[in-house]
Amino acid sequence: MKIERRSPSQVMRLSRLGSFHQCRLSFMRQLTRRMAREHWQFERPVFDIDDRGVGHAVYTTDTGQRTYSLIAFAHDLPDDQRSDRVIAEAWDATFTLFDGIPTPDDIARLSENVPYQEAGRISETELTLSRANRSVRLWNHVVGSLAKGQQPDPVMVNQVGYLMRTTAVYGSGKFGAADHATISTRAEFQAPFQAEMLTVYLIRTFVRDLVNHMAKVRNEDASALDPSLAEQLGIGNSTGLGMAPFLINHPVLFNNWIMVREEALARVRLIENAAVKEKDLFLEIWSRAKASIRDWQSEHPIQIEKLTALKADIRTLENVLSGFDWTQDHPWDAIYRQARDLSEEAQELLISLMLEPYPQLVDDLACCMADTLQHDHVVDGAMTIGKLKSLMSEAFDWTLEIDWAQKDANARAWYVSAEKLEPRLGERFDEPIADYEQPLAPGRDARAASVDLENWDDDAPVSAFLAAHPEHRQTVRRAQLHSIAPYSEIRDNTIAADMKPIDMLRAKLSFFGATRFDPRSDRWVRICMYVGAPYPEDLTTQNADFWVYPHLPA
Amino acid sequence: MSYSLSEIEALALKAARGAGYSWGLSYEVGRAVTWLIQADLDGCAILGHVLEWVSSSSVETAHCPIKTGVSLSDDAYCLNSDVRTFQNVYEPAMLLPFASFAAKQLNCAVKLELDTVPFTISPTGYEGQPSFKATAQSVHLQKTADPLRQHNRINRYSGSPDTIEILQGFAARTYAPATEASRRLGAGGTTSDND
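Residues numbered from 1 in each chain as written. Chains lettered and ligands numbered in written order. Predicted model: local features only at pLDDT ≥ 70, side-chain atom pairs only at ≥ 80, totals over all residues. Heavy atoms only, no water.

When helices and strands are tallied, chain B shows seven helices and seven strands. Taken from the N to the C terminus, the helices and strands of chain B come in the order β-α-α-α-α-β-α-β-β-β-β-β-α-α. With the C-alpha coordinates aligned to their principal axes, the bounding extent of chain B is approximately 65 × 40 × 30 Å. The buried share among the 195 residues of chain B stands at 54%. Within chain B, residue pairs in contact and separated by at least 24 positions form 72% of the contacts whose partners lie at least 6 positions apart. For chain B, the exposed surface amounts to about 8200 Å²; the carbon and sulfur share of it is 49%. Distance from the positive charge centre (15 side chains) to the negative charge centre (20 side chains) of chain B: 4 Å. (Helix = DSSP H or I, 4+ residues; strand = E, 2+ residues; numbered from the N terminus. Buried < 20%, exposed > 50% of the residue type's maximum accessible area, 1.4 Å probe, protein only. Contact = heavy atoms within 4.5 Å. Areas by Shrake-Rupley, 256 points an atom, 1.4 Å probe, with all protein chains shown as cover. Lys, Arg positive; Asp, Glu negative; His and termini not counted. Charge placed at Lys NZ, Arg CZ, Asp CG, Glu CD.)

Structure below.
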């Protein structure tokens, strides 16, 4: 019996990527484990918010080596201006993560820029830029209840899952922020998106404090939000098309995330015997995960169908587990193989859960999730055409199965609108957007390059092909990168008529650690982050890891 | 006000595309402009000159430094046996980053001569006098026996807003015009955000 990492042809399909679940390698949980392990200290030196809910606050975190500060600006946003889209121009709250402790001059400068988001500028002392909008219904209900001396309805709290949702969290040099390369040499920022995850973690604390404050404004005898209810509130996120191009534009980074998870899965499948405490932990997490699936709601037909299949498959797996012989050799592989005929949602959930009992096998892979290779890569013009053809075949053989002459195969075009540079997806044959198409169809482009390569001598250098065909340069680059990054290519047509961008959004968000995927269209999804996580004052090494699985009622 | 390198790289890429270069070449332009800035040269101004020239009628009178540069990098292996020679290259400063990409592939420094003015180039920078003419009549590139040198790298761009505006003008050609239909269909959820 041979156990290897699953192949790219199996994993790198949009429907499977769109069924990924968070796991212990998620960026959020890497952060909470680190903050607890290193005893990061949290304070709130400023909370200067008036009776209209307008003002600013500062939350600091001291890692022991450095201090980072979330600066939060709270605004009084009229309902008719509230929009989650990139084209919005005002928000309920805006944020930046400051590298250090801000001076009054820093606050003054940032107060003139951060509330304007993309229309303002930040500098190298700022690491992220973000904004959030209220869940209007839940916000009003919570403030109203607390003001009456009561706690909000736990069912509504659970249903919505958040008081505010971020609609963008920009990092990595955007709008003048510090470049990723300047902070990724710091141990706490080596893993992907740590500054963004820290920003959202601190935003959640601010939002809890703000809702308590607004209740007290209404009635000075208001109750404070019960800590157990506060814990069930995460920060939502409203994610659109901007995230999808990321996976295509960062192929080596995406490869690293996937490869690490596949390696973790292979390691667990190779385990010969499951210790009793490992089995017990898995079964406990399994029960808690089932409870969170029961709470997962969506009104979108796509997700409803997936959830129906998932819930049915959970019942099947429950039967498998109840009769399971844990003393057999390679028990995890046996469970994995039992799931192979189930829905992708169920398979990927099971895989994520199987990793949980094995931090000692899985967590050290986290340092391989970053990437510095892609940016340093130079196209190799000396490579022979023959070699290039074989690399192209490995990366793009799947494109042979698509009839690119069909209209449906070319139906879509990704573009950027002049309207606030919002990323959009359009219908190529119905809208005047083809001239503005972004290079987000590597499959189509690779097929075109393959056709032109047919007439070239195998011994000729790639540089000659590129001199004659500069339009194929991206394909050549991707094929060369693929030789060191086998999971870098999405093996589906990203401009097909039936392509669902939410599959790409979900893949990326699952690595962030998001839960409760709730599509609002085929290209817009709501999710929740940090639901169940301890707040800074409660964070310990005991609760820093499995908070993502809800505790079962006693 | 300063700019991050990644936002400049993205701007340079879009500007090159807006001026008509393929996406693949535009990606190289982003990398080249970043390299110039890290080497303490005004990469945005240099790119601006190239793009304005490419869009003008003078483009017939000299060779494009981006296409020449990409050829220098793609054919780096040829430097093992040959000297590369070009005539009449516009805005020759744009060749330095591509020479450095060649140096990286060869794992040794390269010597670029622009009208006999020499530059010794490693992946992280160059040695030489940073004074460039609008056009280099003769360009020579050869391998050297020198090892790679480590150079100090600048990590922010502080050029003039006018320079940035020129590039933004070219980049804007890559954005689809805002229309009601595009706004309605192109992005977003189907329900309101006031829930």
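The helix and strand inventory of chain A stands at 22 helices and eleven strands. In terms of overall size, chain A behaves like a compact globule, its C-alpha atoms giving a radius of gyration of 24 Å where 554 residues would be expected to give roughly 24 Å. Here the C-alpha coordinates of chain A stretch approximately 80 × 60 × 45 Å along the principal axes. By residue count, 62% of the 554 residues in chain A fall in the buried class. Across chain A, every contact between residues at least 6 apart in sequence was considered, and the portion connecting residues at least 24 apart equals 75%. If the 61 positive side-chain charges of chain A are averaged to one point and the 81 negative ones to another, these points end up 3 Å apart. (Rg over C-alpha atoms; globule rule 2.2 N^0.38 Å.)

Next up on the list: the pattern of salt bridges. When charged atoms on two side chains of opposite charge get close, those side chains can pair. All names here are of chain A. In the structure shown here, the tally under the stated rule is 63 salt bridges over all chains. Measuring nitrogen to oxygen at the nearest pair gives 2.7 Å for the salt bridge that ties Arg 5 to Glu 263. Note that Arg 5 is positioned in the segment before helix 1 (8-11) and Glu 263 in helix 11 (residues 251-269), a separation of 258 residues in sequence. Here Glu 348 and Arg 261 are joined by a salt bridge, their closest N and O atoms 2.8 Å apart. With a gap of 87 residues between them, Glu 348 in helix 15 (residues 344-354) and Arg 261 in helix 11 connect regions that are remote in the sequence. Overall, Arg 261 belongs to the buried group, its relative accessible area being 2%. Salt bridges sharing common partners tie together Arg 6, Arg 16, Arg 261, Glu 262, Glu 344 and Glu 348. (Salt bridge = Lys/Arg side-chain N within 4 Å of Asp/Glu carboxyl O.)

Right, let's get into the interface of chain B and chain A. Think of interface size as the accessible area that goes away when the parts come together; that is how it is often given. Residue-level contacts link 46 residues of chain B with 62 residues of chain A. Note on chain B versus chain A: buried area summed over both sides is about 4200 Å², and carbon and sulfur give 46% of it. Of all residues in chain B, the largest losses of buried area upon contact with chain A belong to Trp 23, Asp 193 and Asp 195 of chain B, amounting jointly to 15% of the total for that side. Between Arg 156 of chain B and Glu 124 of chain A there is a salt bridge; the shortest N-O distance is 3.6 Å. Connecting chain B to chain A are 31 residue pairs in polar contact (both at pLDDT 80 or more). Counting only elements with at least two residues in the side of chain B that touches chain A, the list comes to strand 1 (3-4), helix 1 (5-18), helix 2 (23-38), helix 4 (65-74), helix 5 (95-106) and helix 7 (180-186) of chain B. At six residues, the largest contribution of residues to the side of chain B that touches chain A is made by helix 2 of chain B. (Buried area = accessible area lost by both parts, 1.4 Å probe. Polar contact = N/O pair within 3.5 Å; in protein donor to acceptor, adjacent residues only side chain to side chain.)

Take the nonpolar core next. Phe 206, Trp 257, Trp 332 and Tyr 530 of chain A are the most contacted members of the largest nonpolar core, which has 140 residues in total. No other element matches helix 8 (residues 194-218) of chain A, which puts 13 residues into this core. (Core = buried A, V, L, I, M, F, W, Y, C linked by side-chain atoms within 4.5 Å.)

Right, let's get into the packing of helix 14 (residues 331-338) of chain A against helix 15 of chain A. Each pair of packed helices can be described by the angle between their axes along with the distance between the axes. Residues and elements named next belong to chain A. Close contact between helix 14 and helix 15 brings their axes to 10 Å; oriented N to C, the two are set at 165 degrees. The pairing of helix 14 with helix 15 is recorded here as roughly antiparallel in orientation. Considering how the two elements wind past one another, helix 14 and helix 15 form a crossing that is right-handed. Residues Trp 332, Ile 335 and Tyr 336 of helix 14 form the contact with helix 15, whose own contacting residues are Leu 350, Ile 351 and Met 354. In terms of residue class, the contact of helix 14 with helix 15 is built from six nonpolar, no polar and no charged. (Axes fitted to C-alpha atoms, helices over the stretch in contact; angles between N-to-C directions. Parallel < 35°, antiparallel > 145°, perpendicular 65-115°, else oblique. Left-handed = near helix turned anticlockwise from the far one by under 90°. Nonpolar A, V, L, I, M, F, W, Y, C, P; charged D, E, K, R; others polar.)

All names here are of chain A. Between helix 12 (residues 276-295) and helix 15, the least distance of the axes is 10 Å, while the angle of their chain directions is 140 degrees. By the angle between their directions, the pair helix 12 and helix 15 is classed as oblique. Every pair of crossing elements has a handedness; the one defined by helix 12 and helix 15 is right-handed. Contacts between helix 12 and helix 15 involve Phe 282, Ile 285, Trp 286, Ala 289 and Ile 293 from the former and Leu 349, Leu 350, Leu 353 and Met 354 from the latter. When the residues that make up the contact of helix 12 with helix 15 are grouped by side-chain class, the tally is nine nonpolar, no polar and no charged.

All names here are of chain A. Here the structure, examined in full by the defined rule, presents 30 aromatic pairs over all chains. These aromatic residues form a ring-pair network of at least three members: Phe 20, Phe 27, Phe 193, Phe 246, Phe 254, Trp 257, Phe 511 and Phe 512. Geometry around Phe 517 places Arg 506 over its ring, the cationic atom sitting 4.5 Å from the centre. (Phe/Tyr/Trp six-rings, centres within 6.5 Å; stacked < 30°, edge-to-face > 60°. Lys NZ or Arg CZ within 6 Å of the ring centre and 35° of its normal.)

Residues and elements named next belong to chain A. Position of Phe 324 relative to the elements: it lies in the loop between helix 13 (301-322) and helix 14. The exposure class assigned to Phe 324 is buried, which follows from its relative accessible area of 12%. On a C-alpha basis, the gap between Phe 324 and Leu 77 in space is 55 Å, while along the polypeptide they are 247 residues apart.

Once that is clear, we can look at the confidence of the model for chain B. Summing up the model confidence of chain B, the mean pLDDT is 94 and the portion of residues at 70 or higher is 98%. As scored by the predictor, the complex reaches a pTM of 0.96 and an ipTM of 0.96. (pLDDT = per-residue confidence, 0-100.)

Our focus in this paragraph is the sheet that holds strand 5 (residues 126-134) of chain A. All names here are of chain A. Strand order in the open sheet formed by nine strands is 1-2-3-4-5-6-7-11-10, with mixed pairing between adjacent strands. Strand pairing shows two members of the sheet lacking a second neighbour, strand 1 (41-49) and strand 10 (515-521), which therefore form its edges. Strand-to-strand twist in this sheet, taken as the mean axis angle between neighbours without regard to direction, amounts to 25 degrees. Where strand 1 lies against strand 2 (residues 55-62), seven bridges are found, and the strand directions are antiparallel. (Pairing = 2+ DSSP bridges.)

Another point: helix 14 of chain A. All names here are of chain A. The element helix 14 is largely enclosed, with a buried count of six among its eight residues. Within helix 14, burial applies to Pro 331, Trp 332, Asp 333, Ala 334, Ile 335 and Tyr 336. Packing partners of the buried residues in helix 14 comprise helix 1, helix 11, helix 12, helix 13 and helix 15.

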